[in-house]
Amino acid sequence: MRLKQCIKGIGIALPLLALAACSSTPGGDSAASGAAGSAGKDGSTVQTASADHMLTPQEKMAQQLQQLHKENTIYFKFDNSVITKQYVSLLQAHASYLLAHPSVKVVIEGNTDERGTPEYNIALGERRGNAVKAYLETLGVPAAQLSVVSYGEEKPADPGHTAAAYAKNRRAVLVY
């Protein structure tokens, strides 16, 4: 009964009971671990769990994957398939995710700028994709989770014909 009065006093509908509770004293202890508090109409404190503690494993996986989609591109120097140091942490993050989710597969798309013959660019795109694949394998990712496709110059990120556009097109992209 006291809980119903408390809920009625701060205007919370009963279906939200599972998400919120209130203190019996105004300004009650709101220092609960992982909780956030807000004042109700009568000055009581409403406790709600933080979003992090309420995520299901599937939601956490989706959240991790969304973050990986933001950082999924490795850029290369001209006519080169060497992974530079700046991409080590990015690839480690992808490897950690793949190791934690063995059923997930990733396609590594190798790309080039438009300079060179189509045949040469397909081969260079494949070398770039294979370089990323080999690096992930050295971090423990099973080869069965990784595949490589080369698009050469066929899928430019920037259709321009400038040095900046070419730099954007010399890449490998991890696609989940």
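Definitions and cut-offs
- Residues numbered from 1 in each chain as written.
- Predicted model: local features only at pLDDT ≥ 70, side-chain atom pairs only at ≥ 80, totals over all residues.
- Heavy atoms only, no water.
- Helix = DSSP H or I, 4+ residues; strand = E, 2+ residues; numbered from the N terminus.
- Buried < 20%, exposed > 50% of the residue type's maximum accessible area, 1.4 Å probe, protein only.
- Pairing = 2+ DSSP bridges.
- Axes fitted to C-alpha atoms, helices over the stretch in contact; angles between N-to-C directions.
- Contact = heavy atoms within 4.5 Å.
- Right-handed = clockwise from strand over helix to strand, strands pointing away.
- Phe/Tyr/Trp six-rings, centres within 6.5 Å; stacked < 30°, edge-to-face > 60°.
- Lys NZ or Arg CZ within 6 Å of the ring centre and 35° of its normal.
- pLDDT = per-residue confidence, 0-100.
- Core = buried A, V, L, I, M, F, W, Y, C linked by side-chain atoms within 4.5 Å.

Q: I'd like a description of unusual backbone geometry, backed by residues and values.
A: A positive phi angle is found at Asp 79, which is not glycine, with a value near 50°. As for its placement among the helices and strands, Asp 79 is situated in the loop between strand E4 (73–75) and helix H4 (88–100). Asp 79 gets classed as partly exposed once you look at its relative accessible area, which sits at 41%.

Q: Can you break down the sheet that holds strand E7 (residues 171–175) residue by residue, with the values?
A: Read across the open sheet, the four strands follow the order E4-E7-E5-E6; overall the sheet is mixed. Two strands lie at the open edges of the sheet, namely E4 and strand E6 (146–152), each paired on one side alone. Strand after strand, the sheet turns through a mean of 20° between neighbouring axes, direction not considered. Bridge analysis of strand E5 (residues 106–111) against E7 gives five bridges, and the strand direction is antiparallel. By the bridge assignment, Val 107 is partnered in E7 with Val 175. Contacting E4, E5, E6 and E7, helix H5 (residues 118–138) crosses the sheet at an angle of about 155° to E6.

Q: Now, about the side chain of Asn 169: what can you tell me, with residues and values included?
A: Considering the arrangement of structural elements, one finds Asn 169 in helix H6 (residues 163–169). Given a relative accessible area of 4%, Asn 169 falls into the buried group. The contacts of Asn 169, once residues within four sequence positions are left out, are Asn 111, Thr 112, Asp 113, Pro 156, Ala 157 and Asp 158.

Q: Residues and numbers for the pairing of E5, please.
A: For E5, the tally of buried residues reaches five of six residues, placing the bulk of the element in the interior. For the segment spanning E5, H5 and E6, crossover handedness is right-handed.

Q: Which residues make up the packing of aromatic side chains, and what are the values?
A: Inspection of the entire model under this criterion finds one aromatic pair. Between the aromatic rings of Tyr 97 and Tyr 176, the centroid separation amounts to 5.7 Å while the plane-to-plane angle is 90°, which identifies the pairing as edge-to-face. Taken together, the residues span a long stretch of sequence, with Tyr 97 in helix H4 and Tyr 176 in the segment after E7 at a distance of 79 residues. Among the residues examined, Tyr 97 registers a relative accessible area of 4% and is labelled buried. In this arrangement the basic side chain of Lys 155 is found over the ring face of Tyr 151, its NZ or CZ atom lying 4.3 Å from the centre.

Q: Tell me about the confidence of the model for the chain, residues and numbers included.
A: Summary statistics for the chain give a mean pLDDT of 80 and a share of 70% for residues scoring 70 or more. Note on residues 1–39: pLDDT under 50 across the span, and 58 contacts to partners over four residues away in sequence or across chains.

Q: Residue-level account of the nonpolar core, with values.
A: Counting 20 residues, the largest nonpolar core has Ile 74, Leu 91, Val 132, Leu 136 and Leu 174 as its most contacted members. Among the secondary structure elements, those contributing two or more residues to this core are H4, E5, H5 and E7. Considering every element that reaches this core, the biggest residue donor is H4, with five residues.

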